[in-house]
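Results of the structural survey
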Amino acid sequence: MTERRTIEVGAIARVEGEGALHLVLEGDRVVDLRLEIYEPPRFFEALARGRRADELPDLMARICGICPVAYQMSAVHAIEAAWGVAIDPGVRALRRLYYAGEWIESHLLHMMFLAAPDFLGLDDAMQIAQRHRNQVERALRLRKLGNRILILLGGRSVNPVGVRIGGFHRIPTRAELRALADELRPARAEAELLLHWFASLPVPSRPQDVELVSLRHASEYPMNEGRIVSSRGIDVAAAEFETAFEEVQVPHSTALHARNRATGTPYLVGPIARVMGNLDHLSPAAAAAHASLAERFASPDPAASVFARGIEVIQAMDDALAVLDADLPPPAEPQAVPRAGIGHAVTEAPRGILYVSLETDAAGDVQRLRIVPPTSQNQAQIEADLRALAPRILAIPEDEGRRLAEAAIRDYDPCISCATHFLTVTVERREPPCEST
Amino acid sequence: MRVHVIGIGTAHADDAVGLAVADLLAASVLPEDVVVLRCARPLPDLLDALDGADAAVLVDAARTGGAPGSIHRLRPGDLARLRSPSSHGLGVAQALALAVALGRAPARVELVAIEAGQMQSDVLSPAVAASIGAAADAALQIAREMQDGGGEAARDA
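A few points on the structure.

How each quantity is defined
Residues numbered from 1 in each chain as written. Chains lettered and ligands numbered in written order. Predicted model: local features only at pLDDT ≥ 70, side-chain atom pairs only at ≥ 80, totals over all residues. Heavy atoms only, no water. Pairing = 2+ DSSP bridges. Helix = DSSP H or I, 4+ residues; strand = E, 2+ residues; numbered from the N terminus. Salt bridge = Lys/Arg side-chain N within 4 Å of Asp/Glu carboxyl O. Buried < 20%, exposed > 50% of the residue type's maximum accessible area, 1.4 Å probe, protein only.

All names here are of chain A. As judged from the four bridges shared by strand β6 (residues 211-216) and strand β7 (residues 227-230), these two strands associate in the antiparallel manner. Within the sheet, the bridge partner assigned to Arg216 lies in β7 and is Arg227. Where β7 and strand β8 (residues 235-236) come together, two bridges link them in antiparallel fashion. Bridge pairing in β8 links Val229 to Asp235. The antiparallel pairing of β7 with β8 creates a hairpin that spans four residues between the two strands, and Gly233 there sits at a positive phi of about 100°.

Rendered as structure tokens:
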């Protein structure tokens, strides 16, 4: 005698892309849990093959509407590594500014529009606006600054086209950069106020025993450069990514699952891993924000990711201003000579490390491209998190359980469209098998 | 009455048609107090584009199942029936609802929706490209009706 209860939730809302959660319970026991990604595979790696490497920055920007800069930056750095292109200090600085713009825009989208409704028990940001108008306006103002940066360096905010191998197609004028600095200067305090508001909300807690993986740079908060380090001792260069991590296919998902190659266990990438692994490189204002929330970072807790994002918005503001105030001379015209080569790069997308490996032939055409996005790296950890959460999901009414599962998934800000190669929630409750008497 | 005609879209396939209509209108002779703007993303760009407007005409690509290039005149309330193309659920309907909640929505909003054909290539479908003139005229006609005191109230929709 088996009673089976199925709960259909529909595609999980407020995440990027399409997927489903399938949960089978027998009594209190989780017998099966699968995060199913049915977003169609997109074959970017295959369609890049045979194309000129200089097409990659624009092509890669098309992978994601939210984090195009991350794809552009990992790709362009991989090409430059393959060809031995020296990066002008001015270009290096402007790339940091560009990436900061994407962090600001992506993090604010997640904080106010995707995550905040969960903390307030509301359906969407439109309902938040009716009760907390000042905060929503503040988030919109800050997000617009991120947009401004993207347009200034990328030419446009959606599928930006400003990046080229060795630099940018157009370098902003000093006047444009000064005007941007004037807009950013008062915004940091706004970002601090917004984080204080989030700290006042009933944000849940869900500590995890998980390995944290992020980039780490000798002297700065990681974005475009650094070694891949973990809370459990991994310390490798970008070129050694595949020695430390592996991707495995699972039947229920068009996204690959990544895991620690040596231990076979999941790991967590993203803002929590970055903040906890790079406390010594936070700007004074970001460090102060972290100190005010220190108990939320005592152990890795995906539910605290909204705070990590808020800290990183402050960090990104400070990083952007540091670049703008340095007033570096305009970079020299990029000198990139196509050649046969193999290149690897890891940069910090808003959602976590993004690995690109590629090979070009003597003409500079792409022979091989491999992309490992942050969401596919986090997917096994999301499943582990949900497995631990299942008894709580079971103990509460179905609607609440569904909201709890969805909110837990949203903590990872999964970018399902990017990861395919995400969510209907189905819960099956089976009676435990009868014991023979 | 200041009317903003706002072309919404990206440079991608038939999604670019709203921008193409805005570009054509911006290059033409416009009635007094009609301002043409371009907007890439409903959030946050549309909110900014609505600031200062007494009324707005939005021009955007849409998919309702009709023939590519066909033009629909819609009110905000009609948007609920259309599937949002934004995977985050942050499309035009949501941006307008947020604008109302924030007190930033003009009294009147209407939409000119152009049926999209394909979303694959980087150029407009011929049928969609052929509708740009008619869509621009439709947007201008609605803007004039709004200035003459006609048009539909957005908040009631």
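Proximity of charged atoms lets side chains of opposite charge pair with each other. Residues and elements named next belong to chain A. Applying the stated criterion across every chain yields a total of 42 salt bridges over all chains. Across the salt bridge formed by Arg227 and Asp235, the nearest N and O atoms sit 2.6 Å from each other. Salt-bridge contacts for Arg370 lead to Glu247; the nearest nitrogen and oxygen are separated by 2.7 Å. Placement of Arg370 in strand β14 (residues 366-372) and of Glu247 in strand β9 (residues 245-248) is noted, with a sequence separation of 123 residues between them. Judged by its relative accessible area of 21%, Arg370 falls in the partly exposed class. Here Glu247 falls in the buried class, since its relative accessible area comes to 16%. Because the salt bridges share partners, they merge into one network encompassing Arg92, Arg96, Glu220, Glu225 and Asp319.

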